[in-house]
Amino acid sequence: MLPVVRTFVTVLYILICIALIIVIVLQEGKSAGLGTISGAAETYWGKNKGRSMEGGLVRVTQVLTVLFFVISLLLNLQW
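Residues numbered from 1 in each chain as written. Predicted model: local features only at pLDDT ≥ 70, side-chain atom pairs only at ≥ 80, totals over all residues. Heavy atoms only, no water.

1. Considerations on the side chain of S72
Part 1 of the argument: Mapped onto the elements, S72 comes out in helix α3 (residues 53-75).
Part 2 of the argument: Taking relative accessible area as the criterion, S72 reaches 15% and is therefore assigned buried.
Part 3 of the argument: Within the local environment of S72, its side chain forms a polar contact with the backbone oxygen of F68, the two atoms lying 2.7 Å apart. (Helix = DSSP H or I, 4+ residues; strand = E, 2+ residues; numbered from the N terminus. Buried < 20%, exposed > 50% of the residue type's maximum accessible area, 1.4 Å probe, protein only. Polar contact = N/O pair within 3.5 Å; in protein donor to acceptor, adjacent residues only side chain to side chain.)

Listed below in structure tokens is the structure:
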């Protein structure tokens, strides 16, 4: 891999790592919903969880995680 490309990919990798840490810290814990076991989870936010901020954070986490692993494998290639 060319040194310029490797440097660019490394900087991108570091930015993705920082973004992934921030997105994970912003998410609520799974234990926050233990009081809703009795069926109160069927609220507006429970039904539209994918459109809420929490759903968006989950989606961003998934995308950043895939990018993290792909770039990790790319940086470990010995060209």
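2. Considerations on the packing of helix α1 (residues 3-26) against α3
Part 1 of the argument: Relative to each other, α1 and α3 sit at 150°, their axes nearing to 9 Å. As judged from the angle between their axes, α1 and α3 are roughly antiparallel. As for how α1 packs across α3, the hand of that crossing is left-handed. The segment α1 lies against α3, with R6, V9, T10, L12, Y13, I16, C17, A19, L20, V23, I24 and L26 engaging L57, V60, T61, L64, T65, L67, F68, I71, S72, L74 and L75.
Part 2 of the argument: Grouping the constituent residues of the contact of α1 with α3 by class yields 18 nonpolar, 4 polar and 1 charged. (Axes fitted to C-alpha atoms, helices over the stretch in contact; angles between N-to-C directions. Parallel < 35°, antiparallel > 145°, perpendicular 65-115°, else oblique. Left-handed = near helix turned anticlockwise from the far one by under 90°. Contact = heavy atoms within 4.5 Å. Nonpolar A, V, L, I, M, F, W, Y, C, P; charged D, E, K, R; others polar.)

3. Things to note about the confidence of the model for the protein
Part 1 of the argument: Per-chain confidence: the protein averages 83 in pLDDT, with 73% of residues scoring 70 or above.
Part 2 of the argument: Across the protein, the secondary-structure element scoring lowest on mean pLDDT is helix α2 (residues 44-47), at 55, and the one scoring highest is α1, at 95. (pLDDT = per-residue confidence, 0-100.)

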